[in-house]
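This is what each chain is made of:
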Amino acid sequence: MQRCSKCGLPETHETIAFDDQGVCNICRQIEFKENMNWDQKKLELDALIAEHRGKYDYDCIVPFSGGKDSTWTLYYLVKEYGVKPLVVRFDHGFFRPGLEENTKRVCRELGVDIMTFTPNWKVVQRLMLQSFLEKGDFCWHCHTGIFSYPMWIALEKKVPLIFWGEPSSEYTAYFSYDQDEQVDEKRFNRYVNLGISADDMFVRLGGQVDPRDLKCFSYPPLKDLRALNYRSVCLGSYIPWDVPKQSKIIMDELGWQGDEVENVPPQYRYEKIECQMQGVRDYIKYIKRGYTRPSHLVAIDVRQGNITLNEGQNLIDEYENRRPPSLDHFLNFVGLDEAEFNRIAMEHMVSPYKHDPASVRPGKKTHDFDRWSRVGVMPKDVRDEMLARYKARTGKSFVFDDEA
């Protein structure tokens, strides 16, 4: 595979392109970011907050996972501006114990209101299996819920200003730093929902769920948001985003703690600590694209001059292409065996990468692994019904027993 001559990201990275020097477009837009007029952007942020301060029950809504980016966003807005935010959490079903402790600590230290919504687990199970079949990505319910539910709360509470964390242009080229990236329905449909709306999902699930249970995964009507005069923006569009620096500040000031993540080098303990299934998500990315989170983190460090590309490659060689122990739990949650899992994931491989399951090495359990809930196994009749419907619609079968 071709890789960026500067950061090492491969050609299977989403939205990537290379110039005549072999440098990827992600590196080039980070170079653009370094030359932005951040003083002017900060003045724009000042004006945006002043426009909304004190006019509603809350000055803004901060969608919050409890990870490094949303914690920094909340910290910065409260400490820099003294805003009164409403913190909104969408619980995707896999929050880790340390994440919950972080959230309580941070919200108490900052003194903020917080509300959490957890969708119906039985619906979530179906959504995970269906989106994995369709896109090789079981996180549709998480992608859509995180970005749509806070917008419904904005309408309900009549709070028009919503602050997210880093812009997508920090990591991909769906948008670039020279564009005005709004966290809106266009962005939602462009890449958040994987090209599948909640209405689409209802049809693909054969109408076997109550449509009301899918509302939290759908984007609110644009006319209602416009009537609210909403602004849904990334804090990272107004201040330069620096994850290592920001992570250290929230650790020192709030007692926020990092954690180990399956198959991620220990120096990145601030990265993706929220989800029990993060290792599975990264593993699927490796099967599909031939690289995973260590490559992504190394690329950031190389761009910032923290490590050399050769040093980064050593980390990649050590930590990638490993099977996460959490895969066993995921398979129980969606009713698949590992052969079926591999076959489905490999159906979504991105050329020119070709995955070899025999090359995979075992990964290491995290310290809290035995504390993760095992409750909520997929019933076999539900699994069989879903696979049969998918086969009837697409002609594809991933069930080896059916082909014996």
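In case you missed it, the structure is sitting above this.
This report concerns the structure included in the present document. (Residues numbered from 1 in each chain as written. Predicted model: local features only at pLDDT ≥ 70, side-chain atom pairs only at ≥ 80, totals over all residues. Heavy atoms only, no water.)

Comments concerning the packing of aromatic side chains
Aromatic ring pairs are defined here through the distance separating the ring centres and the angle between the ring planes.
Piece 1. One pass over the structure, following the stated rule, counts 24 aromatic pairs.
Piece 2. An angle of 40° between the planes, with centres 5.7 Å apart, marks the rings of Trp-72 and Tyr-76 as tilted. With Trp-72 and Tyr-76 both in helix α3 (residues 68-81), this residue pair falls 4 residues apart, about one helical turn.
Piece 3. Take Trp-72: its relative accessible area is 8%, and that puts it in the buried class.
Piece 4. When its relative accessible area of 13% is taken as the criterion, Tyr-76 is described as buried.
Piece 5. A ring pair is formed by Tyr-390 and Phe-398, whose centres lie 6.1 Å apart and whose planes are at 25°; its orientation type is stacked.
Piece 6. Judged by its relative accessible area of 5%, Tyr-390 falls in the buried class.
Piece 7. By relative accessible area, Phe-398 is classed as buried at 5%.
Piece 8. Three or more aromatic residues link up through ring pairs in this structure, and these residues are Phe-90, Phe-117, Trp-140, Tyr-149 and Phe-217.
Piece 9. Positioned above the aromatic ring of Trp-152, the side-chain terminus of Lys-215 is 4.5 Å from the ring centre. (Phe/Tyr/Trp six-rings, centres within 6.5 Å; stacked < 30°, edge-to-face > 60°. Helix = DSSP H or I, 4+ residues; strand = E, 2+ residues; numbered from the N terminus. Buried < 20%, exposed > 50% of the residue type's maximum accessible area, 1.4 Å probe, protein only. Lys NZ or Arg CZ within 6 Å of the ring centre and 35° of its normal.)

A look at the nonpolar core
Side chains of nonpolar character tend, in soluble globular proteins, to be buried together.
Piece 1. The biggest cluster of nonpolar side chains holds 66 residues, and the ones touching the most others in it are Phe-138, Phe-330 and Phe-341.
Piece 2. In terms of residues, this core owes the most to one element, helix α6 (residues 140-157), which gives 8 residues. (Core = buried A, V, L, I, M, F, W, Y, C linked by side-chain atoms within 4.5 Å.)

Here's the deal with the state of the cysteines
Piece 1. All chains considered together, the criterion is met by 0 disulfides.
Piece 2. Cys-107 carries a free sulfur, and the closest cysteine sulfur to it, the one in Cys-60, is 13 Å from it.
Piece 3. The class for Cys-107 is buried, based on a relative accessible area of 7%.
Piece 4. Just so you know, Cys-275 is unpaired, no disulfide at all, and the nearest cysteine sulfur is the one on Cys-142, 6.5 Å from it. (Disulfide = S-S within 2.5 Å.)

Quick look at the side chain of Glu-170
Piece 1. Position of Glu-170 among the secondary structure elements: in the loop between β4 (161-164) and α7 (185-192).
Piece 2. Sequence-distant contacts of Glu-170, that is, excluding residues within four places in its chain, are made with Ile-26, Ile-30, Lys-33, Tyr-177 and Trp-241. (Contact = heavy atoms within 4.5 Å.)

Notes on unusual backbone geometry
Generally, phi is negative for residues other than glycine and the peptide bonds are trans, each holding for most cases.
Piece 1. Cis geometry is found at the peptide bond from Ser-351 to Pro-352, where omega equals 10°.
Piece 2. Tracing the sequence through the fold places Pro-352 in the loop between α15 (338-346) and β7 (361-362).
Piece 3. For Lys-158, which is not glycine, the phi torsion reads 60° and is therefore positive.
Piece 4. Tracing the backbone through its elements, the reader meets Lys-158 in the loop between α6 and β4.

So yeah, pure geometry; function would need other evidence.
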